[in-house]
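Coordinate inspection notes
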Amino acid sequence: MVLTPSIFGQFFPDTFLLIPMNAFSMVFALSWLIFIFPTNWALSRFQAIWLGFQEAVLEMLFQNTSQNTAPWAGLITSVFIVILSINVLGLFPYAFTSTSHISLTYSLGFPLWMSVNILGFYLAFNSRLSHLVPQGTPSALIPIMVWIETISLFAQPIALGLRLAANLTAGHLLIFLLSTATWLLASNPFISLPIFVILALLFVLEIGVACIQAYVFTALVHFYLQQNI
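Positions within a chain are numbered from 1, following the residues in the order the chain's sequence is written. Per-residue local features of the predicted model are confined to residues with pLDDT of at least 70, and side-chain atom pairs are confined, for both listing and counting, to 80 or more; whole-chain, interface and lining totals are unaffected and use all residues. Side-chain measures were taken over the full set of non-hydrogen atoms in the model, leaving aside hydrogen atoms and water.

**Describing the overall build of the chain**
Numbering of helices and strands runs from the N terminus, with a helix taken as a DSSP run of H or I at least four residues long and a strand as a DSSP run of E at least two residues long. Looking only at helices and strands, the chain has seven helices and two strands in total. Counting from the amino terminus, helix and strand elements in the chain follow one another as β-β-α-α-α-α-α-α-α. Partly exposed describes any residue whose relative accessible area lies between the buried limit of under 20% and the exposed limit of over 50%, with all areas from a 1.4 Å probe on protein chains only and scaled to the type maximum. Classification of the 229 residues of the chain by burial places 31% in the buried group. Computed with the Shrake-Rupley method and a 1.4 Å probe, the accessible areas treat only the protein chains shown as cover for residues. Counting only carbon and sulfur atoms, one obtains 75% of the accessible surface of the chain, whose full area is about 14,800 Å².

Given below as structure tokens:
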């Protein structure tokens, strides 16, 4: 009996010497931290590039912001860098994209959403309650609008985590299908070559998606923060 691999098998980390490859990828993802912190008065090239990258990220994430969100800059930037690192490293061979699982995306999205809303209700309770009833709503529609706004409020963390996992899962599945088709049809270059070209273009597109999804996740967290502060 021949066992055919599952199409979703790529989302389960492989093992090496009974050790999940996910552990190796996490160690590799954290190893670059050694080169970030300067050990002497003169910055190395890598550290100079890192400082420039930090400035570009801060400018991109906080181009439209207020002074009240400044204390959150370090946290939001750290979340962006962590998600970006996981997304990009997940495209390497034998790596594992943890952000393709909703267990991780919800573990990031739900606490951030809850902390932002708790802070908003703590700082301006009456103002936050007034958002449940848009200005100019007829009296007869107020109960319905309260339910709609409440449901939309609790749908934010669900959409926040699901958007990130779904986009990465879809892209990885397409890469898996095209790479499998290229390998199986390698004996026919007239068919496999166009598929390989599409695969290469899709891989470049997936790199962009990995970066964009990290930005979208943190941009939405920043947007929710601005609504509450």
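Back to the text.
**Here we look at the nonpolar core**
The nonpolar core is taken to be a set of buried Ala, Val, Leu, Ile, Met, Phe, Trp, Tyr and Cys residues, with the residues joined through side-chain atoms within 4.5 Å. Counting residues in hydrophobic clusters, the biggest one holds 24 residues, and the most contacted among them are L61, I76, F80, I83 and F217. Elements with a minimum of two residues in this core: α2 (45-61), α3 (73-89), α4 (102-123), α6 (142-184) and α7 (189-228). For this core, the leading source of residues is α3, giving seven residues. Residues are treated as being in contact if the distance between any of their heavy atoms lies within 4.5 Å. When sequence neighbours within four positions are dropped, the list of residues in contact with I83 reads T99, L108, L164, A214 and F217.

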